[in-house]
Amino acid sequence: MAHLLLIDDDPDLIPEQVHQAFPAPSHRVEVAGTGTAGLDRVRTDPPDVILLDLRLPDQSGLEVYHEIREIDARIPVIFATMAKTADTAIEAMKQGAFDYLFKPLDLGQMRRVVGEALEVGRRMRAPAVVTETPPDPDVDGAILGSCPAMRDVYKAIGRVTGQDVTVLIAGETGTGKELIARAIYQHSSRAKAPFMALNCAAIPEHLLESELFGHEKGSFTGADRRRIGKFEQCNGGTILLDEIGDMPLALQAKILRVLQEQSFERVGGNETVRTDVRLIAATHRDLKALAADGKFRPDLYYRLSVFTIHLPPLRDRAEDLPMLVQHYLRRFGRELGREIEEIAPEAMERLRSYSWPGNIRELQSVVKQALLQAHGSVLLPSFLPEFAPNSAESAPLASADLELETFILQRLQPDSRDLYAQAHGQLDRFLLARVLEYTGGSQHQAARLLGIARQTLRLKLRDLGLRVTQSVEADDENEP
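As the structure is a prediction and not an experimental result, all values here were calculated from the model.

Caption draft 1: View of the packing of aromatic side chains. Using the criterion set out here, one finds nine aromatic pairs in the structure. Seen in terms of ring centroids, Phe 213 and Phe 264 are 5.2 Å apart; in terms of plane orientation they differ by 50°. Their pairing is tilted. With a gap of 51 residues between them, Phe 213 in helix 8 (residues 205–213) and Phe 264 in strand 11 (residues 263–265) connect regions that are remote in the sequence. Neither residue differs from the other here; Phe 213 and Phe 264 are each classed as buried. Measuring from centroid to centroid gives 4.8 Å for Tyr 354 and Trp 356, while their planes differ by 80°, and the two rings are edge-to-face. The exposure classification of Tyr 354 matches that of Trp 356, with both residues buried. Aromatic rings pair up to connect Phe 213, Phe 231 and Phe 264 into one cluster. The cationic tip of Arg 225 hangs over the ring face of Tyr 100; the distance from NZ or CZ to the ring centre is 4.4 Å. Note that Lys 368 overlies the ring of Phe 332, its terminal NZ or CZ placed 4.8 Å from the centroid.

Written out as structure tokens, the structure is:
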């Protein structure tokens, strides 16, 4: 249950809108009519997100915000403001507020912003457990393993958490790089300050610079107000730049300056903005090879790789696999109402023979699928999804290429028709499924990554018979 606190002296309209946007039982909304009452609630029962009016009867919203930061700087605060007080709200964002909304509140925009704030807050608060033994099944963020390679990872985390240095986390997709970053953050001296994660591959190139550094009003088409970027917003905290190997070369120079001088300019601005941010970078690419090929700045690579943690792929952790499978069976079994007490040897052999190109993320998906098929208390091979054993060198994309080639060759017949459309449909089926898996089911992020309109994406999903969960679809429909 998400816990929201509204600090606003409007007795009717605003609280009614917030309750409408975030209904029970999935949300718990509390309302405080004064700054003092709101601060008392924050001290006694800290909420997940705070909606704060800038004008309160007993003190200004900015004063209340400063006291909230003293209590717990990790709580995302969203300001509600009239248009004429936008400058004050922007000033609050420069001091670390999450975002601001204009009154009268737009319910769709409020759902989107609060949803993003809840996710940011979850990443800061959800413990990233690093352990050699299975944790409680309810633990979501667990880095589990006892093989020598994972023990080296645990030692590396211990060595670097107390040092305020840049860290590069290298590993294949799905190995748990963000969890490692969160573990470093949560055990560092900045653990009470904000933590923000940004996927450089999921944001279009022309928007990434603004997302990181902000922009001035009028700096480009659509820039109708000043925007405060993540490096300014997260001052004093930690930023994870995931998939930094996909960052454009031009933007890499600005990242290098932040690392060297802790300063930058907003897009379209001349003001030098000072910041104090610890940077953690993650990538599945070989940055050293990219730098040698001129696709990544060597000077930035040297600054990022001061301390590097290499996460092993799952195929190199054979001795950890039984423990991992047991852990996810218990964890997801509770969620799905299924109880598996034993794994048949033949089922474990099938799991061992697979190379796991998607690593831990793929293993979690396979376990969920098996639980949905299971009946009884033993996990049998027949419950597992179909996947052929493959070599460590086999890549999912190569497999997809082979499938597409086979599909085309089978249809190269004199009586075939519409092969162009059929081939594109086959490609869409693979591409859209992988992109939605990558974005966690978010159609909004998937459409942005694909460079198409969300309505186009929805039509393609409907035509292909691909479905995402209803909750994600509802969330996406409320995004502007």
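Caption draft 2: Just the nonpolar core, in detail. Ile 78, Met 110, Ile 169, Ile 180, Ile 184 and Ile 309 are the most contacted members of the largest nonpolar core, which has 44 residues in total. Counting residues per element, this core draws most heavily on helix 5 (residues 107–125), at seven residues. The contacts of Ile 78, once residues within four sequence positions are left out, are Val 49, Ile 50, Leu 51, Leu 52, Phe 98, Asp 99, Tyr 100, Leu 101, Val 113, Val 114 and Ala 117. Counting 30 residues, the second largest nonpolar core, distinct from the first, contains Ile 203, Leu 208, Cys 234 and Leu 279.

Caption draft 3: Looking closely at the sheet that holds strand 1 (residues 2–7). Pairing is parallel in the open sheet, where five strands are placed in the order 2-1-3-4-5. A strand with exactly one partner marks an edge of an open sheet, and here the two such strands are strand 2 (27–32) and strand 5 (99–102). Each strand of the sheet is rotated relative to its neighbour by a mean of 20°, with strand direction disregarded. Note: strand 1 against strand 2, six bridges, orientation parallel.

Caption draft 4: Geometry of the side chain of Gln 252. Take Gln 252: it is sitting in helix 10 (residues 249–261). Looking at Gln 252, its side chain comes within polar contact range of the main-chain nitrogen of Arg 297, at 2.8 Å.

Caption draft 5: Structural view of the environment of Met 82. Here Met 82 shows up in the loop between strand 4 (77–81) and helix 4 (86–94). Separated by 23 residues in the primary sequence, Met 82 and Leu 105 place their C-alpha atoms 9.8 Å from one another.

Caption draft 6: Broad picture of the side chain of Arg 190. Residue position: Arg 190 is located in the loop between helix 7 (177–186) and strand 9 (195–199). Overall, the relative accessible area of 9% leaves Arg 190 in the buried class. Among the polar contacts made by the side chain of Arg 190, one reaches the main-chain carbonyl oxygen of Gly 237 at a distance of 3.2 Å.

Caption draft 7: Quick peek at the packing of helix 2 (residues 35–44) against helix 3 (residues 61–71). Here helix 2 crosses helix 3 at 10°, and the two axes come no closer than 10 Å. Our classification of the angle between helix 2 and helix 3 gives roughly parallel. In this structure, helix 2 meets helix 3 at a crossing whose hand is right-handed. Contacts from Gly 35, Leu 39, Val 42 and Arg 43 in helix 2 reach Val 64, Glu 67, Ile 68 and Ile 71 in helix 3. Per-class residue counts for the contact of helix 2 with helix 3 are five nonpolar, one polar and two charged.

Caption draft 8: Focus on the pattern of salt bridges. Under the definition given, this model contains 30 salt bridges. Here Glu 91 and Lys 94 are joined by a salt bridge, their closest N and O atoms 3.7 Å apart. With a gap of three residues between them, Glu 91 and Lys 94 both fall in helix 4, about one helical turn apart. Take Glu 91: its relative accessible area is 31%, and that puts it in the partly exposed class. Here the residues in one salt-bridge network are Glu 216, Arg 226, Glu 232, Arg 266 and Glu 271, joined through shared partners.

Caption draft 9: How the structure looks around the layout of surface pockets. Approximately 230 Å³ is the volume found for the second largest pocket. The wall of the second largest pocket is formed by 14 residues, among which Asp 164, Thr 166, Leu 259, Gln 262 and Val 277 lie closest to the centre. Residue assignment for the lining of the second largest pocket shows that the elements contributing at least two residues are helix 10 and strand 13 (278–283). When the residues that make up the lining of the second largest pocket are grouped by side-chain class, the tally is seven nonpolar, two polar and five charged.

Caption draft 10: Region of interest: the pairing of strand 4. For strand 4, a buried count of five out of five residues is recorded, marking the element as mostly surrounded by other parts of the structure. Taking every second residue as pointing to the same face, both faces of strand 4 are buried, with Val 77, Phe 79 and Thr 81 on one and Ile 78 and Ala 80 on the other. Two elements, strand 3 (residues 49–53) and strand 4, share four bridges in a ladder whose sense is parallel. By the bridge assignment for strand 4, Leu 52 is matched with Phe 79. For the crossover that starts at strand 3, traverses helix 3 and ends in the parallel strand 4, the hand is right-handed.

Cut-off values and rules
Residues numbered from 1 in each chain as written. Predicted model: local features only at pLDDT ≥ 70, side-chain atom pairs only at ≥ 80, totals over all residues. Heavy atoms only, no water. Phe/Tyr/Trp six-rings, centres within 6.5 Å; stacked < 30°, edge-to-face > 60°. Helix = DSSP H or I, 4+ residues; strand = E, 2+ residues; numbered from the N terminus. Buried < 20%, exposed > 50% of the residue type's maximum accessible area, 1.4 Å probe, protein only. Lys NZ or Arg CZ within 6 Å of the ring centre and 35° of its normal. Core = buried A, V, L, I, M, F, W, Y, C linked by side-chain atoms within 4.5 Å. Contact = heavy atoms within 4.5 Å. Pairing = 2+ DSSP bridges. Axes fitted to C-alpha atoms, helices over the stretch in contact; angles between N-to-C directions. Polar contact = N/O pair within 3.5 Å; in protein donor to acceptor, adjacent residues only side chain to side chain. Parallel < 35°, antiparallel > 145°, perpendicular 65-115°, else oblique. Left-handed = near helix turned anticlockwise from the far one by under 90°. Nonpolar A, V, L, I, M, F, W, Y, C, P; charged D, E, K, R; others polar. Salt bridge = Lys/Arg side-chain N within 4 Å of Asp/Glu carboxyl O. 1 Å grid on protein atoms, 1.4 Å probe; cavity = no way out; pocket = protein on both sides within 12 Å on 5 of 7 lines; lining within 4 Å. Points joined across faces, edges and corners; volume = space filled by probe spheres on them. Right-handed = clockwise from strand over helix to strand, strands pointing away.

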